[in-house]
Amino acid sequence: MSLVLDSAAQDLLFREARTANSFSDEPVTEEQVQAIYDLVKYGPTAFNSTPLRITLVRSAEARARLVAHMAEGNQAKTAAAPLVAILSADNEFHEELPTLLPHFPQAKDAFFAERPVREQTALVNAALQAAYFIVGIRAAGLAAGPMAGLDFAAVQKEFLDDDHTPLMVVNIGKPGEDAWFPRGPRLSFDEVITTV
């Protein structure tokens, strides 16, 4: 059985898409980021919680501050990428539930009054949204370089607050020369799927 998505789109979003390690100097515009967000905001999250928050690092001063907190192997590519985004989970997402879940506004207090419950929900659902964001970047014809090699506590202190937990940093742009490492192997269907 074939997929509804045509083969070219499958290649763009999955089969040919790779994590970029170098980028051209072509800028990523505000309009491109808006188009990406306007697409990926429709991905499902529990209670329509949408806890992902995106901090775009555009200024040279902010970029230098971020690069200082990246792992050594991620510093040069983060310094050179046309755009860098810090993806974080908003642990106070429940404040938006009366707007995001109008048919059940009491979910804010009924399910999310306790901070540990909010943090777990925010983490899982913001990570899900981060995956949508990466696919959205690919849908815009750009490449993404998601990274977890960073000092999370320092990035939180430098760019966020105690209510936002950093998840990853994503370099964004058109791929540059030698942008790709060889594709790593993947597990087969039979190694991953269990039917009960």
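Structure: see above.
Because the structure is predicted, anything quoted here is derived from the model rather than measured.

*Asks:* I tried to follow the pairing of strand β4 (residues 164-173) on my own but got confused; where do I start?
*Replies:* Each regular strand shows side chains that alternate between the opposite faces of the sheet. With nine of its 10 residues buried, β4 lies for the most part within the structure. Summarising the sheet, strand β2 (residues 83-90) and β4 pair through eight bridges and their orientation is antiparallel. Considered in β4, the bridge of L83 is made with I172.

*Asks:* Before we go on, may I ask you to explain the sheet that holds β2 in this structure?
*Replies:* In sheet architecture, strand pairing relies on hydrogen bonds along the backbone and comes in two forms, parallel and antiparallel. Strand order in the open sheet formed by four strands is β1-β2-β4-β3, with antiparallel pairing between adjacent strands. With partners counted over all chains shown, the strands left at the sheet margins are β1 (52-57) and β3 (143-147), one partner each. The average angle at which neighbouring strand axes cross in this sheet is 30°, direction not considered. Relative to β4, β3 runs antiparallel, the two sharing five bridges. Following the sheet pairing, G145 is matched in β4 by N171. Packed onto the sheet, helix α3 (residues 60-67) meets β1, β2 and β4 and runs at close to 65° relative to β2.

*Asks:* I tried to follow the packing of aromatic side chains on my own but got confused; where do I start?
*Replies:* Geometry of an aromatic ring pair is reported as the spacing of the ring centres plus the angle between the planes. A complete count under the given rule lists five aromatic pairs for this structure. With a centroid separation of 5.1 Å and 75° between ring planes, the pair formed by F93 and F112 is classed as edge-to-face. Of this pair, F93 sits in the loop between β2 and α5 (97-100) while F112 sits in helix α6 (residues 107-112), placing them 19 residues apart in sequence. Both residues of the pair, F93 and F112, belong to the buried class. Aromatic pair F104 and F111: ring centres 5.9 Å apart, planes at 75°, arrangement edge-to-face. Given a relative accessible area of 28%, F104 falls into the partly exposed group. Judged by relative accessible area, which is 42%, F111 ranks as partly exposed.

Rules used throughout
- Residues numbered from 1 in each chain as written.
- Predicted model: local features only at pLDDT ≥ 70, side-chain atom pairs only at ≥ 80, totals over all residues.
- Heavy atoms only, no water.
- Buried < 20%, exposed > 50% of the residue type's maximum accessible area, 1.4 Å probe, protein only.
- Helix = DSSP H or I, 4+ residues; strand = E, 2+ residues; numbered from the N terminus.
- Pairing = 2+ DSSP bridges.
- Axes fitted to C-alpha atoms, helices over the stretch in contact; angles between N-to-C directions.
- Contact = heavy atoms within 4.5 Å.
- Phe/Tyr/Trp six-rings, centres within 6.5 Å; stacked < 30°, edge-to-face > 60°.

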